[in-house]
Amino acid sequence: MQFSEKSEGSLLLLEIGETRLEASNAPELRELLIGRIETGRDQIILDLQHVTFMDSSALGALIGGIKKMGPLGTLALAGATGPVLQLLKLTRMDKVFALYPSATAALTEMGG
Amino acid sequence: MAETSPGLSRTVERDLKAVAPVALAVHAYAEKIMGADCAAAVELALVEALTNAIKHGSINGRETGQITVTVQPKDDALVIEVIDTVPVVPEGLLDKAGAQRPDAGLDDVMSLAESGRGLSIIVLSMDEVSLRTANDRYVLSMVKYISD
């Protein structure tokens, strides 16, 4: 899975480089999130600006991440647009994840 | 008389990596007929259906064999069919998927299911969804109306 990561204080920004998040790469997405959470990262922003398509398998990986994170941490989604945002709304997951229009907005809001 | 756009037909190997190229081809075709938003809904429903067919085709012991996707305009709608030698989706689950409330259980994140949303997404994305058998094949038929 193509991605880049950057830490800003206690925040971890994961920018996904893939344009599609679907069943074929959902396990890698899950591994990426769970792996970072298991190292103690509890404030993660997933930047989806490059992602033009997402399916329920990838959504399941995100849900796995937020469950692993637990109530004391935050897994936020940034830059979700078009079909990605539509899927989140269709499944009501826009009520579960903190959504930000951009990584910059997320960093600003969550950075306090 | 309006010219009818020719349909589209693709075969899909039973491999999750084979889904995206077909989905993109169907999206491009659908977008010419019904615009970007409807094409996106069609693509999502198709990806969910193919993923389900591939995953359950393997579970049922059939790891070889292709799945066929056809897309055909019909009247004021686009008909997308996924044809397989095993049920594309279990029929009982298709009926249940239509009745599921998408906002059920949102209060408790820890109880959220990590899988099983595919069929609901198909039903929510398309205007009509049905399952039938034809010539020893199982056909999942998904219809999207072309809005004005």
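Residues take numbers from 1 onward in each chain, read along the sequence in its written order. For naming, the first written chain is A and the first written ligand is 1, with later ones following in the order written. pLDDT decides what is reported in this predicted model: residues at 70 or higher carry local features, side-chain atom pairs at 80 or more are listed and counted, and totals for whole chains, interfaces and linings draw on all residues regardless. Note that water and hydrogens are dropped before the side-chain values are worked out from all heavy atoms of the structure.

1. Quick look at the overall build of chain A
From N to C terminus, chain A includes four helices and seven strands. Seen in sequence order, chain A has helices and strands lined up from the N terminus as β-β-β-α-β-β-α-β-α-β-α. On C-alpha atoms alone, chain A measures out to a radius of gyration of 12 Å, which is about the 13 Å that the 2.2 N^0.38 rule sets for 112 residues. Across its three principal directions, the C-alpha atoms of chain A cover 30 × 25 × 25 Å. Residues classed as buried in chain A amount to 53% of the 112 residues present. Every helix listed is a DSSP run of H or I at least four residues long, and every strand listed is a run of E at least two residues long, numbered separately from the N terminus. For the radius of gyration, the atoms used are the C-alpha atoms, and the globule rule reads 2.2 Å times the number of residues raised to 0.38. Think of it in three bands: with a 1.4 Å probe and only protein chains considered, a residue is buried below 20% of the maximum accessible area for its type, exposed above 50%, and partly exposed in between.

2. Observations regarding the overall build of chain B
Broken down by element type, chain B carries three helices and five strands. Ordering the α and β elements of chain B from the N terminus gives β-α-β-β-α-α-β-β. Burial statistics for chain B: of 148 residues in total, 44% are counted as buried. Any two residues whose heavy atoms approach within 4.5 Å at even a single point are treated as in contact. A sequence separation of at least 24 residues applies to 64% of the contacts in chain B between residues at least 6 apart. A 1.4 Å probe and the Shrake-Rupley method give the accessible areas. Residues count as covered only by the protein chains that appear here. For chain B, the exposed surface amounts to about 7,900 Å²; the carbon and sulfur share of it is 49%.

3. Regarding the side chain of Glu43 of chain B
Looking at the element boundaries, Glu43 of chain B is found in helix H1 (residues 19-59). Excluding residues within four positions of it along the chain, Glu43 of chain B makes contact with Arg20 and Phe53 of chain A together with Ala23, Leu24 and His27 of chain B.

4. A word on the nonpolar core
In this structure, Val82 and Met142 of chain B are the most contacted members of the largest nonpolar core, which totals 67 residues. Among the elements that make up this core, the one with the highest residue count is H1 of chain B (18 residues). The residues touching Met142 of chain B, leaving out its near neighbours within four places in the chain, are Ala45, Leu46, Ala49, Leu78, Val79, Ile80, Val82, Ile122, Met126, Glu128 and Val129 of chain B. Counting 10 residues, the second largest nonpolar core, distinct from the first, contains Leu11, Ile45, Ala106 and Met110 of chain A. Nonpolar cores are built from buried Ala, Val, Leu, Ile, Met, Phe, Trp, Tyr and Cys residues. Side-chain atoms within 4.5 Å join them into one set.

5. As for the interface of chain A and chain B
Each partner contributes to the interface: chain A provides 25 residues, whereas chain B provides 25 residues. Summing both sides of the interface, chain A and chain B together bury roughly 2,000 Å²; the carbon and sulfur share of this comes to 67%. The three residues of chain A that bury the most area against chain B are Arg20, Lys67 and Leu90 of chain A, which together make up 27% of that side's buried surface. Any Lys or Arg side-chain nitrogen located within 4 Å of an Asp or Glu carboxyl oxygen qualifies as a salt bridge. Between the two partners, chain A and chain B, sit three salt bridges. Across the salt bridge formed by Glu114 of chain B and Lys67 of chain A, the nearest N and O atoms sit 3.3 Å from each other. Using a 1.4 Å probe, buried area is obtained as the accessible area two parts lose upon being combined, added over both of them.

6. Observations regarding the sheet that holds strand E2 (residues 67-74) of chain B
All names here are of chain B. Here, strands pair whenever DSSP counts at least two bridges between them. Read from one edge to the other, the open sheet built from five strands follows the order E1-E2-E3-E5-E4, with strand pairing classed as antiparallel. Two strands close off the open sheet at either side, each with one partner strand: strand E1 (8-12) and strand E4 (128-134). The sheet shows a mean angle of 20 degrees between the axes of neighbouring strands, direction not considered. Every axis corresponds to a line fitted to the C-alpha atoms, with the helix fit spanning only the stretch in contact, and the corresponding angles, defined between N-to-C directions, vary from 0 to 180 degrees.

7. Points about the pairing of strand E1 (residues 3-8) of chain A
Residue and element names in this part refer to chain A. Pairing of E1 with strand E2 (residues 11-16), which is carried by six bridges, proceeds in the antiparallel orientation. Bridge pairing links Lys6 to Leu13 in E2. The hairpin turn running from E1 into E2, its antiparallel successor, is two residues long, and Gly9 in that turn takes a positive phi close to 65 degrees.

8. Comments concerning the environment of Gln49 of chain A
Residue and element names in this part refer to chain A. Position of Gln49 among the secondary structure elements: in the loop between strand E4 (43-47) and strand E5 (53-54). With 31 residues separating them in the primary sequence, Gln49 and Glu18 have C-alpha atoms 9.7 Å apart. Not counting residues within four places of it along the chain, the set of residues in contact with Gln49 comprises Glu15, Ala78 and Gly79. The term polar contact refers here to a pair of N or O atoms within 3.5 Å; inside protein, the definition further demands a hydrogen-donor-capable atom paired with an acceptor-capable atom, and it admits residues adjacent in sequence only when both atoms are side-chain atoms. Within the local environment of Gln49, its side chain forms a polar contact with the side chain of Asp47, the two groups lying 2.9 Å apart.

9. A closer look at the confidence of the model for chain B
Per-residue confidence from the predictor is reported as pLDDT, a score between 0 and 100. Of all residues in chain B, 80% have pLDDT values of 70 or greater, and the mean over the chain is 86. Taken over the whole predicted complex, pTM reads 0.92, whereas the ipTM for its chain interfaces reads 0.95.

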